[in-house]
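# A closer look at the structure
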Amino acid sequence: MLEDAEPGGLPPHTGIIRRISRRFGHAIEKNHHTGTAFGALGCSGSLIRVQGNMQMMKLASGVFLAALLTSAAHAQTNAGEQKSDPNLPFTVTKVASFDLPWRIAFLPDGRMLVTEKVGRVDLVTPQGAKTEIGGVPPSYVEGQDGMLGVFLSPHYAIDHNVYLTYVAPGDYGGGVALGRGRLVLDGKQPRLDGFQVLWRQMPTGKGGQPGGQIAFSPDGKYLFLTLGDRQRFTPAQDPNQPVGKILRLTLDGKPAPGNPWAGKVGARTIPLIDPAADTEKAKAAPVVSTYTFPGPNLTPAETWTTGHRTPYGLAFAPDGQLWELEHGPRGGDRLNLIERGKNYGWPLVSYGINYDGVPIPSPDTRPDLAKAVIYWTPVIAPGNLMFYKGNLFPHWNGSALLSGLVSEAIVRVTFDGKGGATAVQRWSIGKRVRDIEEAPDGSLWMLQDADPGGLFHLTPK
């Protein structure tokens, strides 16, 4: 529900109608969600002149108001104060324990691949029996860095390929890497054969917030890869650096055709900074080192969107729209509709403030930057985002489920298919929820972010 007091909210409609009545020929309202303007335009782009034709005026004002109401419905809303539903619609059963588990990927037979941030990938049965996967690359484990995501190829039935995202060790700290290997389940130790690194973040460095989520395009031809800002802030706005971006790549990790800056190359040499205390100090952070690419810097050609902080959720809705979920700082977690070439504002603007209290400008100050559809203050600290497509919870079909860490919650979000979304339910789980995924049978499985953390099965009551 839109509230006028929220940032980006529109004035009361009665006031707008009065302005239309007074000066209809010059009525233009700003759409705070898209940054576009609606105007009452006639032929040749000139403003409609009201010459006593009341019927025409009513018709035009009705069209204008309808457009305005549509923009209002899609303006960002704060769901941070949403109350938890005390009635859990599912039974929660613990099945197994892991060391800082991160992501689940389901095989067609119902078994799971589960990553542990400490560097392991396990094959897990629905009964909780675990077998470590061989052929997994080493990870740089520190803070929030380590083994991250596991994803089945969109053509898994044919190629048996599994993609991993992780922070690979480097000369200084580590860098996010995307790799792929063929999963072999032949009765011996399960393993990834021929594992190959397809994309690597350079230079390596220290700092958390790595991102590392993948979403495959509905046609199975491309993949989208999220990259956090690694707590370095300013590089999220630097087109020469991949941190703080969402990349669109081929399945082999190359720049995808049709990207906003396809064919462009970036600066050959880029600076590396360490994590800064806040957005202001980051502007003058000392350069730790510089990195020179051995070949062309393909970052611009790989980039789909910019200005992201900690994008840990990324998924396509059933209607083909791409949605992303990321952490804010102190306040301001956000759900974004991802659109080609847009800048989502970090660290120039935020719905929150720095952890040390230093303010960050509001998104309302920059209409040129894409706003969130939903934001959370206080935060939920999101773990992931998935769309439910099963039958065990039939009323949720097409809804998204969001996992929460500090909120220890699961949030259900519905979508109107026109760019709008609503947080409709929130359930307190009492555990830091890192991941929630749907099994082939439509039941849900959840990972608890802890050491040790649990794998839990969620079934309808």
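Refer to the structure printed above.
Read on for a plain summary of the structure. (Residues numbered from 1 in each chain as written. Predicted model: local features only at pLDDT ≥ 70, side-chain atom pairs only at ≥ 80, totals over all residues. Heavy atoms only, no water.)

## Points about the overall build of the chain
This is how the line gets drawn: Strands here mean DSSP runs of E at least two residues long; helices mean DSSP runs of H or I at least four residues long; both are numbered from the N terminus. With a 1.4 Å probe rolled over the protein chains alone, any residue whose accessible area is under 20% of its type maximum counts as buried; one over 50% counts as exposed, and the rest are partly exposed. Note that accessible areas follow from Shrake-Rupley with a 1.4 Å probe, and for residues the cover is restricted to the protein chains shown.
Of regular secondary structure, the chain possesses 5 helices and 29 strands. Taking all 461 residues of the chain together, the buried fraction comes to 54%. Surface summary for the chain: the accessible area is close to 19100 Å², and the carbon and sulfur share equals 54%.

## Concerning the pairing of strand S14 (residues 222-227)
The test is simple: Between any two strands, at least two bridges found by DSSP are needed for them to pair.
For S14, the buried fraction is high: 6 of the 6 residues fall into the buried class. Side chains Tyr222, Phe224 and Thr226 of S14 all project onto a buried face; the interleaved residues Leu223, Leu225 and Leu227 project onto the opposite face, where all are buried too. Sheet analysis places strand S13 (residues 211-216) next to S14, joined by 4 bridges and oriented antiparallel. Bridge pairing in S14 links alanine 215 to phenylalanine 224. The hairpin turn running from S13 into S14, its antiparallel successor, is 5 residues long, and glycine 220 in that turn takes a positive phi close to 75 degrees.

## Regarding the environment of valine 288
To keep things clear, this is the line we draw: By definition, residues are in contact when any of their heavy atoms lie within 4.5 Å.
Assignment of secondary structure puts valine 288 in strand S17 (residues 287-292). Judged by relative accessible area, valine 288 falls into the partly exposed class, the value being 39%. In this structure, valine 288 is in contact with Tyr172, Leu272, Ile273 and Asp274, ignoring residues within four places of it in sequence.

## Looking at the packing of aromatic side chains
Convention followed: Note on ring pairs: Phe, Tyr and Trp rings are taken, using the six-membered ring of Trp, and paired if centres are within 6.5 Å. Classes follow the plane angle, with under 30 degrees stacked, over 60 edge-to-face and the rest tilted. Ring-over charges, as used throughout, are those where CZ of Arg or NZ of Lys falls within 6 Å of the ring centre and within 35 degrees of the ring normal.
Throughout the structure, instances matching the rule amount to 17 aromatic pairs. With a centroid separation of 5.8 Å and 40 degrees between ring planes, the pair formed by phenylalanine 233 and tryptophan 346 is classed as tilted. Within this pair, whereas phenylalanine 233 is found in the loop between S14 and strand S15 (245-250), its partner tryptophan 346 is found in the loop between strand S21 (333-338) and strand S22 (374-376), the two being separated by 113 residues in sequence. One exposure class covers both phenylalanine 233 and tryptophan 346, and it is buried. When the ring of tyrosine 388 is compared with that of tryptophan 396, the centres are 6.3 Å apart and the planes differ by 75 degrees; the resulting orientation is edge-to-face. The buried category is assigned to tyrosine 388, whose relative accessible area is 0%. A relative accessible area of 7% places tryptophan 396 in the buried class. We note lysine 130 situated over the ring of phenylalanine 98; from NZ or CZ to the ring centre the distance is 4.6 Å.

Honestly, it's all geometry; don't read function into it.
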